[in-house]
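Chain by chain, the residues run as shown.
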Amino acid sequence: MAADPLHIAIMRHCLQLTLSCPISQTAFCVGSTLLLSASSPLFPSLRSHYPTFPPDDPNPAGLILGDGYSRQIPGNTHAEANALANFRSRHAELSSSTELPSAGNALKEAECYATMEPCSVRTSGGPSCAVELVRAKVRTVYLVSLHSFSPRYLERECQCSYENHDQC
Ligand SMILES: [Zn+2]
């Protein structure tokens, strides 16, 4: 089945985020985005507060509620958890001056895109990204699939060799 062009476009955005990851010899470079679809009933009330996707599109597919990448927040932090944290902190800032749907309700409507499967265990302690996403009640998680994206595709997008992806 052909991949949805929107999913590919958002995943490219996530891959771009990976280019901002501080380099680590021992950890992956992951990018993640939380998207609220334009079909969500919350879209109209959030539209003026969050970037649209695609940017500058008069009829966007949705809103980027939060972006995250590996080690974006100091420490050994992960992309999906950082996207959630970035969304929540921006939402708290906005809510101090504007009436908005709650962060919890927005996350329930959101879909998460990630360039790698969210972790299920944090060896450094704390909740895994999978647990964080389940707790946030994010409705769907989309991943890059090697069945749809060849290693050569990833190599081109990440500007690293697939075999050495963990060191990019
Ligand atoms: Zn994680």
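Residues numbered from 1 in each chain as written. Predicted model: local features only at pLDDT ≥ 70, side-chain atom pairs only at ≥ 80, totals over all residues.

(A) Molecular detail of the sheet that holds strand S3 (residues 62-69). Strand order in the open sheet made by the 5 strands is S2-S3-S1-S4-S5, with mixed pairing throughout. The strands lining the two open edges of the sheet, one partner per strand, are strand S2 (52-53) and strand S5 (140-143). Taken together, the 7 bridges between strand S1 (residues 31-37) and S3 define a ladder with antiparallel strand orientation. Bridging across to S3, Leu35 finds its partner in Ile64. Its contacts with the sheet put helix H3 (residues 79-95) on S1, S3 and strand S4 (110-114), and the angle it makes with S3 is roughly 125°. (Pairing = 2+ DSSP bridges. Helix = DSSP H or I, 4+ residues; strand = E, 2+ residues; numbered from the N terminus. Contact = placed C-beta atoms within 7 Å. Axes fitted to C-alpha atoms, helices over the stretch in contact; angles between N-to-C directions.)

(B) Layout of helix H5 (residues 129-136). Within the sequence span of H5, burial applies to Cys129, Glu132, Leu133 and Ala136. Projected down its long axis, H5 carries its buried residues within an arc of 95°, all on one side. On the buried face of H5, the contacting elements are H3, helix H4 (103-109), S4 and S5. Two residues or fewer past H5, Lys137 is found with a positive phi of approximately 65°. (Buried ≥ 20, exposed ≤ 12 C-beta atoms within 10 Å, placed from the backbone. Arc of directions from axis to C-beta.)

(C) Seen up close, the nonpolar core. Counting 34 residues, the largest nonpolar core has Leu35, Leu65 and Ala110 as its most contacted members. For this core, the secondary-structure elements that each account for two or more residues are helix H1 (5-18), S1, S3, H3, H4, S4 and H5. If we skip the residues at most four places from it in the chain, Leu35 touches Ile10, Phe53, Gly62, Ile64, Leu65, Ala110, Glu111 and Tyr113. (Core = buried A, V, L, I, M, F, W, Y, C linked by C-beta atoms within 7 Å.)

(D) Representation of the pairing of S1. Among the 7 residues of S1, 6 are classified as buried, and the element is accordingly described as predominantly covered. As paired elements, S1 and S4 share 5 bridges and run antiparallel to each other. Across the sheet, Thr33 pairs through a bridge with Tyr113, a residue of S4.

(E) Summary view of the packing of H3 against H5. Close contact between H3 and H5 brings their axes to 8 Å; oriented N to C, the two are set at 35°. Relative to H5, the crossing made by H3 is left-handed. On the side of H3, the interface is formed by Glu80, Ala81 and Leu84, while H5 contributes Cys129, Glu132, Leu133 and Ala136. Counted by class, the contact of H3 with H5 contains 5 nonpolar, no polar and 2 charged residues. (Left-handed = near helix turned anticlockwise from the far one by under 90°. Nonpolar A, V, L, I, M, F, W, Y, C, P; charged D, E, K, R; others polar.)

(F) Region of interest: unusual backbone geometry. Residue Phe53 is joined to Pro54 through a cis peptide bond whose omega torsion reads -10°. Note that Pro54 resides in the loop between S2 and S3. The phi dihedral of Asp56 falls on the positive side, at around 60°, and the residue is not glycine. Although it is not a glycine, Lys137 adopts a positive phi angle of roughly 65°.

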